[in-house]
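# Structural overview for review
Below are the chains, spelled out letter by letter.
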Amino acid sequence: MSIEITLEVNGRTHRARVEPTTTLIEVLRETLGLTGTNKDCGMGICGVCTVLVNGRTASSCILLAVQADGERITTVEGLEQDGHLTPLQESFLRFGAVQCGYCTPGFLMTATALLAEKPRATRPEIVDALRGNICRCTGYKKIVEAVESVVARPS
Amino acid sequence: MSECRYTRARRVDEAVAALAEAKGDAHVIAGGIALGILMNEKLVSPTWLVDISRIEALKGIVRGPDGTLRIGALTTHREVEESPAVAAAQPMLPEMAAEIACGRIKNRGTFGGNLSLADPQGDPPVAVIALRATMRAAGPLGVRDIPATEFFRDLYTTALREGELLQEVLFPPLAPGAGTAYGKFAARRAMDYTSTVAVGVRAVVEPATGCIKDIGLGLGGVGPIPVWARATEAALRGMRPEPAVIDRACDVLVDEIEPLADHLYSADFKRHVATVILRRTLARACARAARGVEARR
Ligand SMILES: Cc1cc2nc3c(=O)[nH]c(=O)nc-3n(C[C@H](O)[C@H](O)[C@H](O)COP(=O)(O)OP(=O)(O)OC[C@H]3O[C@@H](n4cnc5c(N)ncnc54)[C@H](O)[C@@H]3O)c2cc1C
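Residues numbered from 1 in each chain as written. Chains lettered and ligands numbered in written order. Predicted model: local features only at pLDDT ≥ 70, side-chain atom pairs only at ≥ 80, totals over all residues. Heavy atoms only, no water.

### Topic: the overall build of chain B
- Across its full length, chain B carries twelve helices and 14 strands.
- Over its C-alpha trace chain B gives a radius of gyration of 19 Å, about what one expects of a compact globule, namely 19 Å for 297 residues.
- The principal-axis extent of the C-alpha atoms belonging to chain B is close to 65 × 50 × 35 Å.
- Put simply, chain B has 297 residues, and 57% of those count as buried.
- Of the contacts formed within chain B by residues at least 6 apart in sequence, a portion of 64% connects residues at least 24 apart. (Helix = DSSP H or I, 4+ residues; strand = E, 2+ residues; numbered from the N terminus. Rg over C-alpha atoms; globule rule 2.2 N^0.38 Å. Buried < 20%, exposed > 50% of the residue type's maximum accessible area, 1.4 Å probe, protein only. Contact = heavy atoms within 4.5 Å.)

Structure below.
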């Protein structure tokens, strides 16, 4: 049984026919060709497949596409604006918060959601928000520093 | 791949009708997290999905005039954590929800899905047992209520009958003099979901004597099902929470639970951890009761 769904992905509306058991990440990567979102554990643990659904983080590998029907999805490809990286992305580069890079899209999406909600997030809040994303290269310090450096300071 | 049917229910009766037609062959999906994992692990290949995530009647948090708090099955862990109404009526619940995994899981995972799954590591089951909540189920014959203490029956098995949905959970108001607290042992909350130990305590303390008039104790991660620690409750009820009493309660608890060894910890280690978390959480609940924190809300 295939079902037609509508997804607004990075500001563009897409229609797709999916099986009830198709996951969101399959639609993103295979149907829409948005391969920036990576897949790893398949169990919601590692965080590499994190995307935003209506501005909130979700594991796209365990989210059925039919359940995302009609929702607003943001992937790592949707962060940059007019070809410019966001301050958070720039900061990841500047701080060396990227090594192999496999986990980076997930960290960027998680931190983007945090900063949208708490532009003045404290360091403990940053650490807490990132607790569900695994990085096996950097040891987290540089990632936390990169996020902290773009927190809005009271002027 | 076998064909899979999909029903997007908008009302409880639509979902119940689909489940009746499927005769046990359908999977209900709320947040869909548990099913997503089972499919990725190739442990399940569903033939019919009944999606209840868009049923408005299963959403929402209401505090009734008598103080009863009702949490709809589709309420997310995040909503439980952030709702002022929940914090005012049952402060253990936001404390509990804060301990669940990480933001991503809390955004999507539902209170009702978690309870229906009856994972022995789950946090909401511990809280509903300690707080003596009532589980309201909807089925082909209408609605029926099941006490939380009788809801968890076996590994991943609840008292819900085939074709029934968990509709909402009702929490009776806390008695005057009640203090509640939630404690959890987890090396890494977001990842070590298989190896956690959790304790929920609701203690009603008599101000004049300092005695524990009533107590509710739930535990998670210490056996195949979420545990209602009846014997340990009995060892504390009517007593003043003094060191000798608490030591004895811990001895009772060690005999009352049957933790399973896993890739990180032995069963004996988990028994010990359960007593440590019980001591700490009981102390917090009693201190809150003494300060009248819960009663003033
Ligand atoms: C990485 C990870 C870490 C986690 N850590 C924790 C943790 O620390 N603590 C914790 O408590 N939980 C944890 N969880 C579990 C999570 O919180 C979810 O509660 C759980 O996955 C189920 O919620 P869901 O809404 O997605 O349910 P679903 O997957 O939709 O459903 C779960 C089961 O319940 C049935 N069901 C769902 N809703 C109903 C209903 N209303 N009536 C009848 N049956 C129903 C479904 O058929 C299915 O069998 C974790 C999950 C992951 C992936």
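### Comments concerning the site of the ligand
- Near the ligand lie 32 residues; those nearest to it are Val28, Ala30, Thr110, Asp123 and Leu166 of chain B.
- One chain alone does not account for the residues near the ligand; they come from chains A and B.
- Note that an oxygen atom of the ligand is positioned 3.2 Å from one of the backbone N or O atoms of Ala101 of chain B.
- Measuring from a nitrogen atom of the ligand, one finds a side-chain N or O atom of Tyr193 of chain B at 3.0 Å.
- Coverage of the ligand by the protein amounts to 92% of the 970 Å² it exposes when considered alone.
- Of all the secondary-structure elements, those providing two or more residues to the shell around the ligand are strand E2 (27-29), helix H2 (33-40), helix H7 (111-117) and strand E10 (165-171) of chain B.
- Among the residues forming the shell around the ligand, the class breakdown is 20 nonpolar, ten polar and two charged. (Near = heavy atom within 4 Å. Polar contact = N/O pair within 3.5 Å; in protein donor to acceptor, adjacent residues only side chain to side chain. Areas by Shrake-Rupley, 256 points an atom, 1.4 Å probe, with all protein chains shown as cover. Nonpolar A, V, L, I, M, F, W, Y, C, P; charged D, E, K, R; others polar.)

### Let's talk about empty space enclosed by the protein
- In the structure shown here, the tally under the stated rule is one cavity of 30 Å³ or more.
- Estimates place the volume of the largest cavity at around 50 Å³.
- Around the largest cavity, the lining residues are Ala58, Ser59, Ile62 and Leu63 of chain A together with Ile33, Arg104, Ile105 and Arg108 of chain B.
- Broken down by element, the residue count for the lining of the largest cavity peaks at three residues, all from helix H6 (residues 103-108) of chain B.
- When the residues that make up the lining of the largest cavity are grouped by side-chain class, the tally is five nonpolar, one polar and two charged. (1 Å grid on protein atoms, 1.4 Å probe; cavity = no way out; pocket = protein on both sides within 12 Å on 5 of 7 lines; lining within 4 Å. Points joined across faces, edges and corners; volume = space filled by probe spheres on them.)

### Points about the sheet that holds strand E14 (residues 227-228) of chain B
All names here are of chain B.
- Spatial strand order, E11-E12-E13-E14: four strands in an open sheet with antiparallel pairing. On the outer flanks of this sheet lie strand E11 (178-185) and E14, each paired with one strand and no other.
- Helix H11 (residues 267-291) contacts E11, strand E12 (197-205) and strand E13 (212-220) of the sheet and is inclined by roughly 150° relative to E11. (Pairing = 2+ DSSP bridges. Axes fitted to C-alpha atoms, helices over the stretch in contact; angles between N-to-C directions.)

### Details of the pairing of strand E3 (residues 48-51) of chain B
Residue and element names in this part refer to chain B.
- Where burial is concerned, the two faces of E3 agree: the one with Trp48 and Val50 and the one with Leu49 and Asp51 are both buried.
- Strand direction decides the pairing type here: strand E1 (residues 5-8) and E3, joined by four bridges, are parallel. Note on E3: the bridge partner recorded for Arg8 is Asp51.
- Here three bridges tie E2 to E3, and the two strands are oriented parallel to one another. Bridge pairing in E3 places Ile29 opposite Asp51.
- In the classification by handedness, the crossover that spans E2, the intervening H2 and the parallel E3 is right-handed. (Right-handed = clockwise from strand over helix to strand, strands pointing away.)

### Some words on the interface of chain B and chain A
- Contact with chain B, which involves 38 residues of that partner, is made by 35 residues of chain A.
- With both chains or domains summed, chain B and chain A bury close to 2,800 Å², and 49% of this area falls on carbon and sulfur atoms.
- Among the residues of chain B in contact with chain A, Tyr6, Arg104 and Met191 of chain B are the three that bury the most area, contributing 26% of the side total.
- Connecting chain B to chain A are two salt bridges.
- One salt bridge in this structure joins Asp69 of chain A and Arg8 of chain B, with 3.1 Å as the shortest N-O distance.
- On inspection of chain B and its partner chain A, the count reaches 20 residue pairs in polar contact (both at pLDDT 80 or more).
- A total of six residues in the side of chain B that touches chain A trace back to one element, the largest contributor, which is H6 of chain B.
- Class assignment of the residues belonging to the side of chain B that touches chain A gives a composition of 17 nonpolar, seven polar and 14 charged. (Buried area = accessible area lost by both parts, 1.4 Å probe. Salt bridge = Lys/Arg side-chain N within 4 Å of Asp/Glu carboxyl O.)

### Points about the packing of helix H2 (residues 87-95) of chain A against helix H3 (residues 104-117) of chain A
All names here are of chain A.
- H3 packs onto H2 with a crossing angle of 130° between their chain directions and a minimal axis gap of 10 Å. Taken as axis vectors, H2 and H3 run oblique relative to one another. For the pair H2 and H3, the crossing hand works out as right-handed. Between H2 and H3, the contacting residues are Leu88, Gln89 and Phe92 on the first element and Thr104, Phe107, Leu108, Ala111, Thr112 and Leu115 on the second.
- Of the residues that constitute the contact of H2 with H3, the class distribution is six nonpolar, three polar and no charged. (Parallel < 35°, antiparallel > 145°, perpendicular 65-115°, else oblique. Left-handed = near helix turned anticlockwise from the far one by under 90°.)

### Describing the domain arrangement of chain A
All names here are of chain A.
- Along its sequence, chain A is organised into domain 1 (3-76) and domain 2 (87-151).
- If you average the C-alpha positions of domain 1 and of domain 2, the two centres end up 21 Å apart.
- For the pair domain 1 and domain 2, the number of links is zero salt bridges.
- Here domain 1 and domain 2 share four residue pairs in polar contact (both at pLDDT 80 or more) between them.
- Partitioning the side of domain 1 that touches domain 2 into residue classes produces six nonpolar, eight polar and two charged. (Domains from an automatic or database assignment.)

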